[in-house]
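Here are the chains, one letter per residue:
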Amino acid sequence: MASSTYSSTSTCHRESRQPPTRLGVLGVGELAESLLVALARGCQREGRSRHDLEFHLSPRNDVRSHRLGWRFGAIRHASNVAVCESSLCLLVGVRPEQLEALASELRESHALSKDHHLMVLAAGVPLQQLQRWFAPARVVRVMTGLAVCEGQSALTLYPEDPLTRDLLGPAVRQIIAFDDEAAFEASMLAVCVNAWQMAQQQALLDWFQTVPGMSGPQARLLLMAQLRDALALMEAHPDTPPGELASRIGTPGTWTARGLEQLGGKEGAHRQWQHVLEQLRAEIEQGSVSPGSE
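Sequence order as written defines residue numbering, which begins from 1 separately in each chain. Only residues with pLDDT of 70 or above have their local features reported here, since the model is predicted, and side-chain atom pairs are shown and tallied only from 80 upward, although totals for entire chains, interfaces and linings are computed over all residues. Where side-chain values are given, they derive from all heavy atoms of the structure, hydrogens and water being excluded.

Chemist: Residue-level account of the pairing of strand S5 (residues 117–120), with values.
Modeler: Any residue under 20% of the maximum accessible area for its type is buried, any over 50% is exposed, and the rest in between are partly exposed; the area is computed with a 1.4 Å probe on protein chains only. Every helix listed is a DSSP run of H or I at least four residues long, and every strand listed is a run of E at least two residues long, numbered separately from the N terminus. Every second residue of S5 is oriented toward a common face, with His 117 and Met 119 on one face and Leu 118 and Val 120 on the other, all of them buried. Two strands qualify as a pair provided that DSSP identifies no fewer than 2 bridges between them. Pairing of strand S4 (residues 89–92) with S5 involves four bridges; the strand directions are parallel. Paired with Cys 89 across the bridge in S5 is His 117. The crossover handedness rule: strands pointing away from the viewer, path from first strand over the helix to second strand clockwise, crossover right-handed. In the classification by handedness, the crossover that spans S4, the intervening helix H5 (residues 99–108) and the parallel S5 is right-handed. Relative to strand S6 (residues 138–143), S5 runs parallel, the two sharing four bridges. Counted as the bridge partner of Val 120 is Arg 141 from S6. Regarding the hand of the β-α-β motif, the stretch spanning S5, helix H6 (residues 127–134) and S6 is right-handed.

Right under this line is the structure:
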């Protein structure tokens, strides 16, 4: 599918008099809210006024929509159709099993036009299916994690799309676009890895707290420092495999090397992570899992 060729300035309601950029949101779940918070903060960091960006929200999830209204002046509408009428750029954050019903509602009301641009936050629903449901609107798929509200996350995109980059870029640290939908689907497992890593840190934290004289806050700071060190090394040496960096630290005869030896191998912890990823990827390819977007 070819990348967008039309101007983001006209499509997102930016004209010569510079009215606000309008972003409609269909399904204000936890993930969509986190992305909006990151987008509002990112635009402010770039020197834009909060009035340069308008959020137009669907009627469900009163608590979230009122919170976004109070924080960022988001406008809550009476229906999904009204959101489409207010905004040509739409972030779709409903759960995968709710997408077809949403599309049917919009089709019956003739709410969508070829000028509408939908960015769908959902796993397990192919782009071709989304295009059929939401025709004649343009559709792209995007995904990020709940940590996006901290402003350091990546956002994955399929297919490449300049308008989506322009609109959502301020919300994230980087956008990674894929030319292959299977790769995009597999990339969503990186969001799962984020949670697994935190669970692993909890297990390590629990162990360090068994050491006499070490408090919970001290152990937490210690582990966070080590995570930052690992990230700093990977960023400083982008062409060096992380495993090679680990080997440089874990020179033969050190405690680090002994740990690497035990964690590696066929039955080690590293292989277990790969095994879980392989299982989940197989389920995605078979279409038997749809983990949702919230």
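Chemist: Describe in detail the pairing of S6, supporting the description with residues and values.
Modeler: Of all six residues making up S6, six are buried, and the element is well covered by its neighbours. Sheet topology note: the S6/strand S7 (residues 154–158) ladder contains three bridges and is antiparallel. Along S7, the bridge assignment pairs Val 142 with Leu 157.

Chemist: With reference to specific residues and values, describe the nonpolar core.
Modeler: Ranked by size, the top nonpolar core spans 61 residues in total, and within it Leu 23, Phe 55, Leu 91, Leu 99, Leu 106, Leu 118 and Phe 134 carry the most contacts. Per-element accounting of this core gives the leading share, nine residues, to helix H2 (residues 30–45). Contact criterion: two residues are considered in contact whenever any of their non-hydrogen atoms come within 4.5 Å of each other. If sequence neighbours within four positions are ignored, Phe 134 has contacts with Leu 99, Leu 102, Ala 103, Leu 106, Leu 112, Leu 118 and Val 139. By nonpolar core we mean a set of buried residues, namely Ala, Val, Leu, Ile, Met, Phe, Trp, Tyr and Cys, connected to one another through side-chain atoms within 4.5 Å.

Chemist: Outline the environment of Met 119, supporting the account with residue identities and numerical values.
Modeler: Within the secondary structure layout, Met 119 lies in strand S5. Met 119 sits 20 residues away from Val 139 along the chain, and the two C-alpha atoms are 6.1 Å apart. When neighbours within four sequence positions are excluded, Met 119 is seen to be in contact with Leu 23, Leu 90, Leu 91, Val 92, Val 140, Val 142, Thr 164, Leu 167 and Leu 168.

Chemist: Which residues make up the packing of helix H9 (residues 189–208) against helix H10 (residues 216–236), and what values go with them?
Modeler: Lines fitted to the C-alpha atoms define the axes, with helices restricted to the stretch that makes contact. Angles between their N-to-C directions range from 0 to 180 degrees. Where H9 meets H10, the axes come as close as 9 Å, and the angle between the chain directions of the two elements is 135°. One way to sum up the angle between H9 and H10 is to call them oblique. You can see that H9 and H10 cross each other, and the crossing is right-handed. Residues Gln 201, Leu 204, Leu 205 and Phe 208 of H9 form the contact with H10, whose own contacting residues are Gly 216, Ala 219, Arg 220, Leu 222, Leu 223 and Leu 227. Classification convention: Asp, Glu, Lys, Arg as charged; Ala, Val, Leu, Ile, Met, Phe, Trp, Tyr, Cys, Pro as nonpolar; all other residues, Gly among them, as polar. When grouped by side-chain class, the residues that make up the contact of H9 with H10 number seven nonpolar, two polar and one charged. The cut-offs work like this: below 35 degrees is roughly parallel, past 145 is roughly antiparallel, 65 to 115 is roughly perpendicular, and the gaps in between are oblique. Working rule for handedness: look at the near helix, and if it is turned counterclockwise from the far one by less than a right angle, call the crossing left-handed; if clockwise, right-handed.

Chemist: Pulling in residues and values, what's your account of the side chain of Thr 156?
Modeler: Mapping Thr 156 onto the fold places it in strand S7. Note on Thr 156: relative accessible area 11%, which makes it buried.

Chemist: Lay out the environment of Glu 105 in plain terms, naming residues and giving numbers.
Modeler: Looking at the element boundaries, Glu 105 is found in helix H5. For Glu 105, a relative accessible area of 30% gives the class partly exposed. Not counting residues up to four positions away in its chain, the partners in contact with Glu 105 are Asn 80 and Val 81. Polar contacts involving the side chain of Glu 105 include one to the side chain of Asn 80, which spans 3.1 Å. Polar contacts, as used here, are pairs of N or O atoms within 3.5 Å; protein pairs need one atom able to donate a hydrogen and one able to accept it. Residues neighboring in sequence count only if both atoms are side-chain atoms.

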